[in-house]
Amino acid sequence: MAALGRAALLLAFGLVAYALVAGSYAAWRRRRRLALSAQNALLAAFPATLVAALVLIVALARRDFTFAYVAEHTSRKLPLQYALSAFWGGQEGSLLLWLLVLTGYAGLAVWLNRRSRELMAWTVPIFGLIAVFFSFMLCFVSSPFHQQPPPVDGAGMVPSLQNPYMLAHPPMLYLGYVGLSVPFAFGMGALLSGRTDERWIVATRRWTLAAWTFLGVGQLLGAHWAYTEIGWGGYYAWDPVENAAFMPWLVATAFLHSVMIQEKRGMLKVWNMVLVALAFNLSVFGTFLTRSGVLDSIHSFSKSSIGAWFLGFLAFMVVLSVALIYWRLRPPKDGGPPLLRSKTKLESLVSREATFLYNNLLLVALALTILWGVLYPIVSQVLHGQTRSLSKPYYDFFLHTFGLPLLLLMGLGPLVAWRRASLRSLGKTFLVPFGAALVTGGVLLGLGFGSAWPGLLAYTFSAFVAASIVLEFVRGRAAAGGIFRLVSRNRRRYGGYLVHAAIVLFAIGVAGSSAYQTIREDAHLRPGQTMEAAGYTFTYTGLTGVKGPNYTGFRTIVSVSGHGEHFTLRPGQNNDPLQGASFVASIYHDPRTLGDVFTRAQPAVGSKTAIDLQVFVKPLINLIWAAGFLFVFGALVAMWPDAVEQRRLAARYAAGAAPAGI
Amino acid sequence: MEWALAVAAVLAVVAVAFVARPFLRDPSPASDRLDELSPEARQRLALAEERDRALAALKELEFDHRTGKVSDDDYRAQLGPLRRRAAEALRALESREQTPHERIPAPGEHAGR
Amino acid sequence: MIALSVAAALAIFVVYTAIAGAGVAQLTPSTVRTAKGHVSLVGAVVGPVGHTSTGLRFSVKDIGDRNPTRVLVVYSGTVPDLFKTGRHIVVDGTMRHGVFAATPGSLTTKCPSKYQGSSSKA
């Protein structure tokens, strides 16, 4: 069976290598049949990879411990769904998942665009190049199909991974990470074929949006997992692995906005190429960070041998991207302007284009400061001989510095017209949102929210943005004659506004739960004692023991009252003899504040009945999760196919692309 | 285990056949040339995009004006230039469509239709 | 205009690092003995773990087993998930009289075999 898996992967490798080599030659020498052949090879790579994936899935389901991978990541008693999730639980499996999604996406994208032979000519080899790396790794460096004499039982899965999040969070992230390779391949393909038109953007618009949505949802799932299951009291720790997904998401957000400018005004061609390359390379870097463990142990790659390979691939792709962009920035040999130069210039610093540009700069600046923070331990080791690390204060500073203006811009952008906005018309459209913000800010200040100025600013800006979004819908509805008609005729725009609304909810949730949270960490309680936090009284009444299939533990009983509410929380710990003790947080969702009362408990030192209780009161935190749903809805609206627009675009490219003569 | 190898063999054969298909179907074609857009066609495409952009900008100006984002003065000020741009783009495109254009000759072929 | 914004962003960045300092040093037991000031200690927990009236006492060694140096850590505050002998930990604090006095609540465990690579904080 493993032989089938290995053979399938070798076949996949051969196919994508052919797609790369033959495809490049065919594109260079304009050979139609060879190009088609290379395209077929790329298409065939998916079924080949799928066979390999199925072999691994079956082996995992059967707990076939002759597969070293299966023995390392599952055990007999492991429930089936988690045994299957071990597919992406280990290094080799997750490489296979990358390749599977990549060949799937590439195949679909190429198939859908098969009639644009010129565009595909160079896109196919780029896909092939990326796939060659991953299939090479799977065949020769890190194979999931190593055989061994089967042990009695497998090593099993870490208990903290055995929850539904493990089934959803990694695949979502991969669908996002890999999805960013589609616009990259098309963009580099466009550069190679010397096309300056926007065909590549039009073809990949929905792909980018989908990948970006998956990446966003994947991160939200991870945050929710950290908050509820791992339960250290927060949802984002600026951990390198978390940042690994955040950075490409930020750059992809910038890209989504700046392609709109290229479409509407023909500007920013270079910038878009840079962004798409940056997003893709950050995506590969993110995979590398998560897989190689390089930042936990910077002295050796030996913990995971693939670190060096990934770095090499990343370096190669960066150099390739830069080279291609640079090449097309130079004037071509036969005269004429450089391919990537655009004729239009920014007309005014007060225009929608300009606000998009500011938004881009802020997003990229934030992504780069996060990148610096992630790389800092390595950089400082190299420069100072000492590993230093940057943590929450650093990231918070830049999140505020760049994030708050971004929030404001979300409200400003829609209010400003394209090309040039006169200050007078700005004044009119600004009035209501500005007023809303002023009133909100004043009221909040009066209520004492000035204690945390980033929170106050976030709330005030959110009011501004929310008002401007509502106005857009109200005014638009009047102009279009109905909300449904409005949205259905302007899907991208109003889907975008819905996504902005989701981001506003998200920002309010984050501000409330971080700037205005109450933390009590030092409560040492004996049975019957109480403590206070944020107007609630917590009474610790006692302990009960709990027993599970592979753990024992305890739960405390804490009665809480305050603000007219009464509830009981049972924070405790589970003790796994193999792994150690882990917290089981107890959370009360407070309808009054849309927030949570989050508690943790550990046994107090030196007493059998006393506990150390930790309480976090986090207002508005549930808006973060609600925002996730609105985010997906808005993205779907924006992505929804529009028959009228499709026809128009098809007509445009059919007319332009049809070769004359013959 | 033999069945596994058989499956692998079948897979490989099917894959190779699929990859070779363009050559098998069309062993001696009239032209094996992968056509690319001639400079003419590229120009036309650029003009078509320009035309679409101008038309879309007009539509958007209209919408922005109706929803009150663009004042009457600004609207009147921008309408003229945008209309002119759209008209120019349409005219340029139409004139293009009337001039004959050529295929790019492959190396070795002689030029002309 | 892009150039101007890039310059502005860089300026903010440089000002910040100048004021806030350049991060916290991450040291191992073999290098922390001579360290001054607030640092992060990274290592593996060596048993047995002792309980005091205020918290924990445990020794930490270099991850990777090559160095015999042991550093004693005195810690109070929340004990993070999965803390046990052998676990890789990070804890902030200062060296005082040859013993690492940890900042309360700063202990975090790392699970190197875990795919996520994420840490459980105290």
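Residues numbered from 1 in each chain as written. Chains lettered and ligands numbered in written order. Predicted model: local features only at pLDDT ≥ 70, side-chain atom pairs only at ≥ 80, totals over all residues.

1. Points about the overall build of chain A
Part 1 of the argument: Along its length, chain A carries 20 helices and 11 strands.
Part 2 of the argument: Its C-alpha atoms give chain A a radius of gyration of 27 Å, near enough to 26 Å, the size a compact globule of 662 residues would have.
Part 3 of the argument: For chain A, the spread of C-alpha atoms along the three principal axes comes to 95 × 80 × 55 Å.
Part 4 of the argument: Across the 662 residues in chain A, those meeting the buried criterion constitute 55%.
Part 5 of the argument: Sequence-distant contacts in chain A: of pairs separated by 6 or more residues, those separated by 24 or more amount to 71%. (Helix = DSSP H or I, 4+ residues; strand = E, 2+ residues; numbered from the N terminus. Rg over C-alpha atoms; globule rule 2.2 N^0.38 Å. Buried ≥ 20, exposed ≤ 12 C-beta atoms within 10 Å, placed from the backbone. Contact = placed C-beta atoms within 7 Å.)

2. Structural notes on the overall build of chain B
Part 1 of the argument: Assigned secondary structure in chain B consists of three helices and zero strands.
Part 2 of the argument: Sequence-ordered secondary structure for chain B, helices as α and strands as β, is α-α-α.
Part 3 of the argument: Within chain B, buried positions represent 22% of all 113 residues.
Part 4 of the argument: Taking as baseline every contact in chain B between residues at least 6 positions apart, the subset at least 24 positions apart corresponds to 77%.

3. Notes on the interface of chain A and chain B
Part 1 of the argument: The interface is formed by 47 residues belonging to chain A together with 47 residues belonging to chain B.
Part 2 of the argument: Listing elements by their share of the side of chain A that touches chain B, those giving two or more residues are α1 (2-29), α2 (32-62), α6 (117-141), α15 (423-446), α16 (453-480) and α20 (643-657) of chain A.
Part 3 of the argument: Counted by class, the side of chain A that touches chain B contains 25 nonpolar, nine polar and 13 charged residues. (Nonpolar A, V, L, I, M, F, W, Y, C, P; charged D, E, K, R; others polar.)

4. Side note on α15(A)
Residue and element names in this part refer to chain A.
Part 1 of the argument: The sharpest bend along α15 measures roughly 50 degrees and falls at F430, with the proline P433 sitting one to four residues further on.
Part 2 of the argument: Those residues of α15 that fall on the buried side of the exposure criterion are S425, T429, P433, A436, A437 and T440.
Part 3 of the argument: G448 lies just past α15 and shows a positive phi near 100 degrees. (Bend = angle between axes of the 7 residues up to and from the residue.)

5. Comments concerning the interface of chain A and chain C
Part 1 of the argument: With 41 residues of chain A in contact, the opposing surface of chain C contributes 38 residues.
Part 2 of the argument: For the side of chain A that touches chain C, the leading source of residues is helix α13 (residues 352-384) of chain A, giving six residues.
Part 3 of the argument: Each residue belonging to the side of chain A that touches chain C can be placed in one class, and the counts come to 18 nonpolar, 18 polar and five charged.
Part 4 of the argument: In terms of strand pairing, strand β1 (residues 388-389) of chain A meets strand β1 (residues 24-27) of chain C through two bridges, oriented antiparallel. Across the sheet, residue A:R388 finds its bridge partner in β1(C), namely C:A25. (Pairing = 2+ DSSP bridges.)

6. Looking at the pairing of strand β2 (residues 39-51) of chain C
All names here are of chain C.
Part 1 of the argument: With two bridges joining them, β1 and β2 adopt parallel strand pairing. Each bridged residue has a counterpart across the sheet, and for L27 the counterpart in β2 is L41.
Part 2 of the argument: Where β2 meets strand β5 (residues 88-96), six bridges bridge the pair, whose relative direction is antiparallel. The residue of β5 that forms the bridge with L41 is V91.
Part 3 of the argument: Of the strand pairs in this sheet, β2 and strand β3 (residues 55-61) are connected by five bridges, and their pairing is antiparallel.

7. What to know about α16(A)
Part 1 of the argument: Over its 28 residues, α16(A) runs 40 Å from end to end, which matches the ideal 40 Å to within 8%, given 1.5 Å per residue.
Part 2 of the argument: The first or second residue beyond α16(A) is A:G481, which carries a positive phi of 80 degrees. (Expected span 1.5 Å × (residues − 1).)

8. Here's the deal with the packing of helix α18 (residues 491-515) of chain A against helix α19 (residues 622-639) of chain A
The axes of two packed helices give the description: the angle between them and the distance between them.
All names here are of chain A.
Part 1 of the argument: Here α18 crosses α19 at 170 degrees, and the two axes come no closer than 8 Å. Considering the angle they form, α18 stands roughly antiparallel to α19.
Part 2 of the argument: The class makeup of the residues in the contact of α18 with α19 is 19 nonpolar, four polar and two charged. (Axes fitted to C-alpha atoms, helices over the stretch in contact; angles between N-to-C directions. Parallel < 35°, antiparallel > 145°, perpendicular 65-115°, else oblique.)

9. What to know about the pairing of strand β7 (residues 572-576) of chain A
Residues and elements named next belong to chain A.
Part 1 of the argument: As judged from the four bridges shared by strand β5 (residues 551-562) and β7, these two strands associate in the antiparallel manner. From the neighbouring strand, T552 faces β7, where its bridge partner is N575.
Part 2 of the argument: Sheet topology note: the β7/strand β8 (residues 580-584) ladder contains five bridges and is antiparallel. Paired with G572 across the strands is V584, a residue of β8.
Part 3 of the argument: Where β7 hands over to β8, the hairpin turn is made up of three residues, counted between the paired strands.

10. Quick word on the arrangement of the chains
Part 1 of the argument: The pair of protein chains exhibiting the most contacts, out of two pairs of chains in contact, is chains A and B.
Part 2 of the argument: Regarding chain B and chain C, which are not in contact, the minimum distance between any of their C-alpha atoms is 24 Å.

11. Side note on the nonpolar core
Part 1 of the argument: One finds A:L15, A:L42 and A:V251 to be the most contacted residues of the largest nonpolar core, which totals 214 residues.
Part 2 of the argument: With 17 residues, α2(A) is the largest single contributor of residues to this core.
Part 3 of the argument: If you count residues domain by domain, this core takes at least three from each of domain 1 (1-152) and domain 2 (163-369) of chain A.
Part 4 of the argument: Leave out the neighbours within four places in its chain, and A:L42 touches A:V16, A:A19, A:A106, A:G107, A:V110, A:V124, A:F127 and A:G128.
Part 5 of the argument: Counting 23 residues, the second-largest nonpolar core is a separate cluster that includes C:A25, C:V42, C:L82 and C:V91. (Core = buried A, V, L, I, M, F, W, Y, C linked by C-beta atoms within 7 Å. Domains from an automatic or database assignment.)

12. Regarding the packing of helix α9 (residues 199-230) of chain A against α19(A)
Residues and elements named next belong to chain A.
Part 1 of the argument: Direction vectors running N to C along α9 and α19 enclose 170 degrees, while the axes themselves pass 10 Å from each other. What the angle tells us is that α9 and α19 run roughly antiparallel. The segment α9 lies against α19, with R206, L209, A210, T213, G216, V217, L220 and H224 engaging W625, G628, F631, V632, A635, A638 and M639.
Part 2 of the argument: Across the contact of α9 with α19, the residue classes tally to 10 nonpolar, four polar and one charged.

13. Things to note about unusual backbone geometry
All names here are of chain A.
Part 1 of the argument: At R63, a residue that is not glycine, the phi angle is positive and equals roughly 50 degrees.
Part 2 of the argument: The exposure class of R63 is partly exposed, given the 19 C-beta atoms found within 10 Å.
Part 3 of the argument: With phi around 65 degrees, L268 is a residue other than glycine that occupies positive phi space.
Part 4 of the argument: With respect to the helices and strands, the residue L268 is situated in the loop between α10 (240-265) and α11 (269-292).

14. Considerations on the environment of A:I261
Residue and element names in this part refer to chain A.
Part 1 of the argument: Within the secondary structure, I261 sits in helix α10.
Part 2 of the argument: In the structure, I261 is positioned 95 residues away from F356 in sequence and 7.8 Å away in space, judged by C-alpha atoms.
Part 3 of the argument: Other than its neighbours up to four places away in sequence, I261 contacts M267, L268, E353 and F356.

15. Structural notes on the confidence of the model for chain B
Residues and elements named next belong to chain B.
Part 1 of the argument: In this model, chain B carries an average pLDDT of 80, and 83% of its residues clear a pLDDT of 70 or more.
Part 2 of the argument: Confidence, read as mean pLDDT per element, is least for helix α3 (residues 72-98) in chain B (83) and greatest for helix α1 (residues 2-25) (92).
Part 3 of the argument: The low-confidence segment residues 108-113, where pLDDT is below 50, has three contacts with residues more than four positions distant or belonging to other chains.
Part 4 of the argument: Taken together, the chains of this predicted complex give a pTM of 0.92 and an interface ipTM of 0.83. (pLDDT = per-residue confidence, 0-100.)

16. Topic: the confidence of the model for chain A
Part 1 of the argument: When pLDDT is averaged along chain A, the result is 89, and 97% of the positions lie at 70 or above.
Part 2 of the argument: Considering only residues more than four positions removed or in separate chains, one finds that residues 656-662 of chain A, a stretch of pLDDT under 50, has 18 contacts.

17. Some remarks on the sheet that holds strand β10 (residues 595-603) of chain A
The pairing of strands in a sheet comes from backbone hydrogen bonds and takes either a parallel or an antiparallel form.
All names here are of chain A.
Part 1 of the argument: Strand order across the open sheet formed by four strands is β2-β11-β10-β9, with antiparallel pairing between neighbours. The open sheet has two edge strands, β2 (518-525) and β9 (586-590), and neither has a second partner. Taking the axes of each pair of neighbouring strands and ignoring which way they run, one obtains an average angle of 15 degrees across the sheet.
Part 2 of the argument: Of the strand pairs in this sheet, β10 and strand β11 (residues 611-618) are connected by eight bridges, and their pairing is antiparallel. The residue bridging A601 from the neighbouring strand is L613, located in β11.

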